[in-house]
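# Coordinates in review
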Amino acid sequence: MQLIRDFFISTTLLLLASSLFAQIALPTLHQPVTDLTSTLDTQQVQLLNDKLLQLSETKGAQLAVVIINTTESESIETYSLRLAEKWKLGRKGIDDGVLLLIAKEDRELRIEVGYGLEGVLSDVVCKRIIDEIIVPEFKQNNFYQGIQAGVDQIIKLIEGESLPEPKQGAKDQDSSFAFVLIFVLFALAGFLRRLLGRFLAAIIIGAIAGFLIWYATFILIASLAAGFFAFILTLSDLTAGKNFLNRSGGFGGSGGGFRGGGGGFGGGGASGRW
Amino acid sequence: MRSLQLLSLLCFCLTLTACGYNDLQVQDESVKTHWSEVINQYQRRADLVPNLVSTVKGYAAHEKGVLLEVTNARAKVGSIQITSDMANQEAALRQFQQAQSELSSALSRLLMVTENYPELKSDALFRDLMAQLEGTENRIAVARNRYIQSIQEYNATVRKFPSNLTAKMFDFEVKPNFTVENEKEISTPPKVEFN
């Protein structure tokens, strides 16, 4: 029984995962369709790619199709989640990623659904797509037809769901509060130096820094240390500090290629075999 | 003079991390979040049981023993008071694990019994419930895995130097982890059946 088998496999792998079972390497994400078994011909891969890229551009959701030979000693659920987590399909915060994984020699497949799509692609729905749409085709060795029909159904369901509009060239600014604070302190230090002279400014900045650390952590030693170093820095020339800050700012993101958007997965979806 | 500035700047930034204090905060929160997720998924499974029992009863009413076992196991799981601090107390955690494990065993036995009823297996409602149950079991496994990892990360920070000093200062203790239940059962490799 699938359930018993999966339960024992999950529990076993849970306990012995890192050391004992050799986990096979995960493929890299370059385009929506990754066929490592040469089941699909170039034209079929192209058609699927176009369809899935269009979905990503118009709807935002990222659906990837992967065909491998075997997941070896790993259960398809564990492999699928590992891959989905590595590729981070779907947009960050929206988690609208889906992975259709086919292990051809194992005769197993799985639809792995991101958190954001669990409502429309529930476990029951995924199971039905697998059992009623994909598997009947696979049983007759019609792999492209099965994948295409499954993908079409999944896209149809995703289209029906209201998701945030995909942004063009969106940038994720990950600013650490601490850096902002340091920058503000330095700016203030520079200003005070000109106003009050080096020594006085150093004392004030040292006191502020010390107080801030004390307020945040109540660790006396850390506060004293922070105050002391801020004092030293303000006393000396601040150019070193400014250069450091300039280099650390600006995280660029280059476009091009199909890349995961940072979506999360929780183990939702369904598996099947033919 | 320049190298002194750089050194001072570096030390200033290091003091902001205050010897693991922030790490402990973040990781403690992470443990709490992951624990909630574990509880949620176990609850989700428990919620499926009544429907499952009634569907199976429709086809296999005389399998009283197994059905009763599942119902009782679910009741036991439901009777355990889940407190927010439960995950930190070894005994409470053990009790919780035990009850969930009993429900797992009861469910396995029930499903093995259903193998003898092809009409039940082709019932649409039963198939849907099975899909939901399998999905939930997978989610439980994922939630447990992530919870265990978060505990390991947290415990490592509590133990490592110098963050262990900070941990002692603020009463951050090592948290108990999920243990191996039914070690013998798990050590035998699962049989893979091809239908």
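Summary of the structure given here.

The rules we used
- Residues numbered from 1 in each chain as written.
- Chains lettered and ligands numbered in written order.
- Predicted model: local features only at pLDDT ≥ 70, side-chain atom pairs only at ≥ 80, totals over all residues.
- Heavy atoms only, no water.
- Helix = DSSP H or I, 4+ residues; strand = E, 2+ residues; numbered from the N terminus.
- Expected span 1.5 Å × (residues − 1).
- Bend = angle between axes of the 7 residues up to and from the residue.
- Phe/Tyr/Trp six-rings, centres within 6.5 Å; stacked < 30°, edge-to-face > 60°.
- Buried < 20%, exposed > 50% of the residue type's maximum accessible area, 1.4 Å probe, protein only.
- Lys NZ or Arg CZ within 6 Å of the ring centre and 35° of its normal.
- Axes fitted to C-alpha atoms, helices over the stretch in contact; angles between N-to-C directions.
- Left-handed = near helix turned anticlockwise from the far one by under 90°.
- Contact = heavy atoms within 4.5 Å.
- Core = buried A, V, L, I, M, F, W, Y, C linked by side-chain atoms within 4.5 Å.

## Quick look at helix α2 (residues 21-60) of chain B
Over its 40 residues, α2(B) extends 58 Å from the first C-alpha to the last, a length consistent with the 58 Å expected when each residue adds 1.5 Å. For α2(B), the principal kink sits at V49(B) and spans about 30°; a proline, P50(B), occurs within the next four residues.

## Considering the packing of aromatic side chains
Counted under the stated rule, the structure contains eight aromatic pairs over all chains. Ring geometry for F138(A) versus W274(A): centroids 4.8 Å apart, planes at 75°, classification edge-to-face. Here F138(A) is found in helix α4 (residues 123-139), whereas its partner W274(A) is found in the segment after β5 (265-273), with 136 residues between them in sequence. Looking at W274(A), the relative accessible area reads 11%, which means it is buried. The structure contains a cluster of three or more aromatic residues connected by ring pairs, namely W35(B), Y42(B), F96(B) and Y147(B). Over the face of the ring belonging to F143(A) we find K104(A), whose NZ or CZ atom lies 4.8 Å from the ring centre. Over the aromatic face of Y154(B) sits the side chain of K175(B), whose NZ or CZ is 4.9 Å from the ring centroid.

## With respect to the packing of α2(B) against helix α4 (residues 90-114) of chain B
All names here are of chain B. The geometry of α2 relative to α4 is characterised by a closest axis approach of 12 Å and an angle of 35° between their N-to-C directions. Seen from above, α2 lies across α4 with left-handed handedness. Note on element contacts: α4 touches α2 through L93, F96, Q100, L103, S104, L107, L110 and T114, opposite W35, I39, Y42, R45, V49, L52 and V56.

## Here's the deal with the nonpolar core
Grouped together as the largest cluster of nonpolar side chains are 48 residues, with contacts concentrated most on W35(B), L52(B), V56(B) and Y147(B). Within the residue set of this core, elements represented by two or more residues are α2, α3 (64-79), α4 and α6 (124-159) of chain B. When near neighbours in sequence (up to four residues on either side) are disregarded, V56(B) contacts A61(B), L67(B), L110(B), T114(B), L120(B) and F126(B). Residues V45(A), V98(A), I147(A) and V151(A) belong to the second largest nonpolar core, which totals 35 residues.

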